[in-house]
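# Observations on the three-dimensional arrangement
Take a look at the letters that make up each chain.
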Amino acid sequence: QVRATHPDCAVVSYFREREAECLELVRSESGSPALPERPGLPGCLTEWDGVSCWSAVPLGQAQAVACPDIHHVFKKSKALIRRNCTESGWSFPSPPYHNACELEVIGTSNDTEAKASVYFVTMKALYTCGYSISLAALFLAIGIFSCCRKLHCTRNSIHIHFFTSFILRGAAVFIKDSVLFSDESIDHCTISTVNCKAAIAFFHYSVLANFYWLLVEGMYLQTLLLLTFTSDKTYIWWYVLIGWGVPMLTMCVWVITRLQYDDHGCWDDYTSPYWWVIKAPILLAISVNFLIFLNVTRMLAQKIRSPDVSQNYKQQYMRLTKSTLLLIPLFGVHYVVFALFPEHVGVDARLYFELVLGSYQGFLVALLYCFLNGEVQAEIKRSWGKWQSSMESNVFNLATQDFTA
């Protein structure tokens with residue numbers, strides 16, 4: 001994400017898109033007369049000069065274009081660049097681009113580059129710290145659920161899958177950084193290797209799995225409230241297919257689409273129209289989860305107010321729902337907000353939410369589902385007391401043996 005929103009990469013992406021549009025225009029004109037409005041007369045064909053696209057014109061005619069419209073790169077100038085169609089082809093741009101389109105960063109390029117470098121280094125340090133804390137908490141939580149037999153149930157199995165998706169996401173971030181930024185001599189804006197694309201695909205898969213296992217958490221909670229006396233073990237494989245299978249199917253479609261129609265760069269350009277192959281399923285999961293949130297809230301209010309439900313069941317419902325109801329609106333709200341705006345809008349805020357705050361989500365999940373869970377705390381206290389009693393017994397036996405000897 002940091003690489004895709006880097007200012008240099010934004011410039012590269014801008015010119016790459018303009019070049020593709022121009023080349024597509026050239027291809028469409030190749031099978032027809034160059035100048036359909038004046039057939040038979042010589043002229044200049046459509047041309048990409050590395051900055052602008054010049055449309056086909058008759059001989060002796062001039063054409064003018066404005067400076068490239070790149071925010072925060074070129075100053076807003078009303079100057080036009082002109083080229084004439086001569087017998088020898090297109091003339092040189094007049095005035096030259098470097099005169100007509102003055103850079104915003106002229107005279108302060110070193111300062112700007114230094115500030116950008118410090119910004120991204122700081123951002124990387126923050127999310128590296130966040131993901132490290134989250135990974136440690138998640139591994140500890142999985143260890144607690146796995147080692148304590150009394151905690152083995154369908155609900156905690158789903159929690160373990162949810163934790164695993166966060167572990168994969170943290171690992172994917174570190175793998176992506178090592179692949180993209182391991183060699184400073186490589187142009188990180190134009191790198192296009194199999195390792196780079198695989199790292200990006202793995203990262204997107206882990207993000208998709210994150211959202212879909214959160215969806216599974218909401219679905220499981222709703223199932224418990226609707227079907228109180230139904231064995232939830234019958235649904236576990238459906239949950240696994242949704243949590244891991246749907247993201248895998250989505251990624252297969254996305255990879256095949258990129259290979260066929262848009263196989264350039266490192267596949268992390270979020271301005272590509274094929275980015276919606278990933279974005280649409282995430283928005284769908286968030287939307288369904290929000291509906292589940294509203295429905296579960298309604299059902300919970302009915303059950304708590306119902307005189308037929310015992311106090312014990314009311315406490316159980318509250319314990320089961322408080323964590324999930326907190327996570328559903330917490331996760332994905334910023335994603336929906338940013339999805340309504342173009343990718344270049346609110347880059348700083350987007351990076352902060354996606355990378356810095358997002359890196360601590362795994363820790364928050366482990367805290368809510370494991371460390372603050374009363375059932376888990378009681379089991380840990382019981383196991384700790386049992387271990388202390390065992391140790392005291394061993395020490396007493398050892399002392400008795402020594403005294404007898």
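Residues numbered from 1 in each chain as written. Predicted model: local features only at pLDDT ≥ 70, side-chain atom pairs only at ≥ 80, totals over all residues. Heavy atoms only, no water.

Covered by surrounding structure in strand 5 (residues 62-66) are Gln63 and Val65 only, the residues Ala62, Ala64 and Ala66 on the alternate face being uncovered. Pairing analysis gives five bridges linking strand 5 to strand 6 (residues 80-86), with the strands arranged antiparallel. Its bridge partner lying in strand 6, Ala62 is registered against Asn84. (Buried < 20%, exposed > 50% of the residue type's maximum accessible area, 1.4 Å probe, protein only. Helix = DSSP H or I, 4+ residues; strand = E, 2+ residues; numbered from the N terminus. Pairing = 2+ DSSP bridges.)

The subject of this paragraph is the UniProt feature "transmembrane region" (unreviewed entry) in the protein chain. UniProt records the feature "transmembrane region" (unreviewed entry) at residues 125-146, 211-229, 236-256, 276-296, 324-345 and 351-372, using the numbering of this structure. A helix fraction of 100% and a strand fraction of 0% characterise residues 236-256, whose end C-alpha atoms lie 30 Å from each other. The span residues 276-296 carries 100% helix and 0% strand; its end-to-end C-alpha distance comes to 29 Å. (UniProt positions renumbered as here; feature names shortened; annotations may be inferred.)

Taken as a whole, the second largest pocket spans an internal volume of roughly 310 Å³. The leading source of residues in the lining of the second largest pocket is helix 1 (residues 7-29), at seven residues. Residues that form the lining of the second largest pocket fall into these classes: four nonpolar, four polar and seven charged. Each of domain 1 (7-100) and domain 2 (127-377) contributes no fewer than three residues to the lining of the second largest pocket. (1 Å grid on protein atoms, 1.4 Å probe; cavity = no way out; pocket = protein on both sides within 12 Å on 5 of 7 lines; lining within 4 Å. Points joined across faces, edges and corners; volume = space filled by probe spheres on them. Nonpolar A, V, L, I, M, F, W, Y, C, P; charged D, E, K, R; others polar. Domains from an automatic or database assignment.)

Turning our eyes to something else, we now look at the state of the cysteines. Taken as a whole, this structure holds three disulfides when the rule is applied. Each sulfur of the disulfide joining Cys22 and Cys53 lies 2.1 Å from the other. Around the S-S axis, the bridge from Cys22 to Cys53 shows a dihedral of about 75° and counts as right-handed. On the criterion of sequence distance, the pair formed by Cys22 in helix 1 and Cys53 in strand 3 (residues 53-54) is long-range, its members being 31 residues apart. A sulfur-sulfur separation of 2.1 Å characterises the disulfide bridge that pairs Cys44 with Cys85. The disulfide joining Cys44 to Cys85 has a torsion of about 100° about its S-S bond and is therefore right-handed. Placement of the pair is Cys44 in strand 1 (residues 43-44) and Cys85 in strand 6, with a sequence separation of 41 residues. In this structure, Cys44 and Cys85 share a single accessibility class: buried. Between Cys148, a free cysteine, and Cys147, which holds the nearest cysteine sulfur, the sulfur-to-sulfur gap is 6.6 Å. (Disulfide = S-S within 2.5 Å.)

Another point: the environment of Arg258. Secondary-structure assignment places Arg258 in helix 6 (residues 236-261). When the C-alpha atoms of Arg258 and Tyr274 are compared, they prove to be 7.3 Å apart, with 16 residues separating the residues in sequence. If we skip the residues at most four places from it in the chain, Arg258 touches Asp263, His264, Trp267, Asp269, Ser272 and Tyr274. (Contact = heavy atoms within 4.5 Å.)

Another aspect to go through is the side chain of Ser359. Along the chain, Ser359 falls in helix 10 (residues 347-359). Beyond its immediate chain neighbours, meaning those up to four positions away, Ser359 contacts Leu126, Tyr127, Gly130, Tyr131 and Ser134.

A few words on the packing of aromatic side chains. With the rule as written, the count across this model stands at 12 aromatic pairs. Where Phe162 meets Tyr369, the ring centres are 6.2 Å apart and the plane angle is 75°; that geometry is what we call edge-to-face. Of this pair, Phe162 sits in helix 4 (residues 154-180) while Tyr369 sits in helix 11 (residues 361-371), placing them 207 residues apart in sequence. Taken individually, Phe162 and Tyr369 each receive the classification buried, so the pair is uniform in this respect. For the pair Tyr220 and Tyr239, a centre-to-centre distance of 6.1 Å together with 85° between the ring planes defines the contact as edge-to-face. With a gap of 19 residues between them, Tyr220 in helix 5 (residues 194-226) and Tyr239 in helix 6 connect regions that are remote in the sequence. Tyr220 sits in the buried class, given a relative accessible area of 5%. By the ring-pair criterion, three or more aromatic residues cluster together here, those being Tyr127, Tyr131 and Phe174. (Phe/Tyr/Trp six-rings, centres within 6.5 Å; stacked < 30°, edge-to-face > 60°.)

Looking at the element boundaries, Ser134 is found in helix 3 (residues 109-147). Sequence-distant contacts of Ser134, defined by excluding residues within four places in its chain, comprise Ser359, Tyr360, Gln361, Gly362 and Phe363.

This paragraph deals with helix 5. The first and last C-alpha atoms of helix 5 sit 47 Å apart over 33 residues, in line with the 48 Å expected at 1.5 Å per residue. Of all 33 residues that make up helix 5, 26 are buried, and the element is covered over most of its length. (Expected span 1.5 Å × (residues − 1).)

What follows deals with the packing of helix 4 against helix 11. Axis separation between helix 4 and helix 11 bottoms out at 10 Å; the angle between their running directions is 165°. Relative to helix 11, the element helix 4 lies roughly antiparallel. Crossing of helix 4 against helix 11: the hand is left-handed. Contacts between helix 4 and helix 11 involve His159, Phe162, Phe163, Phe166 and Arg169 from the former and Gln361, Gly362, Val365, Ala366 and Tyr369 from the latter. The class makeup of the residues in the contact of helix 4 with helix 11 is six nonpolar, three polar and one charged. (Axes fitted to C-alpha atoms, helices over the stretch in contact; angles between N-to-C directions. Parallel < 35°, antiparallel > 145°, perpendicular 65-115°, else oblique. Left-handed = near helix turned anticlockwise from the far one by under 90°.)

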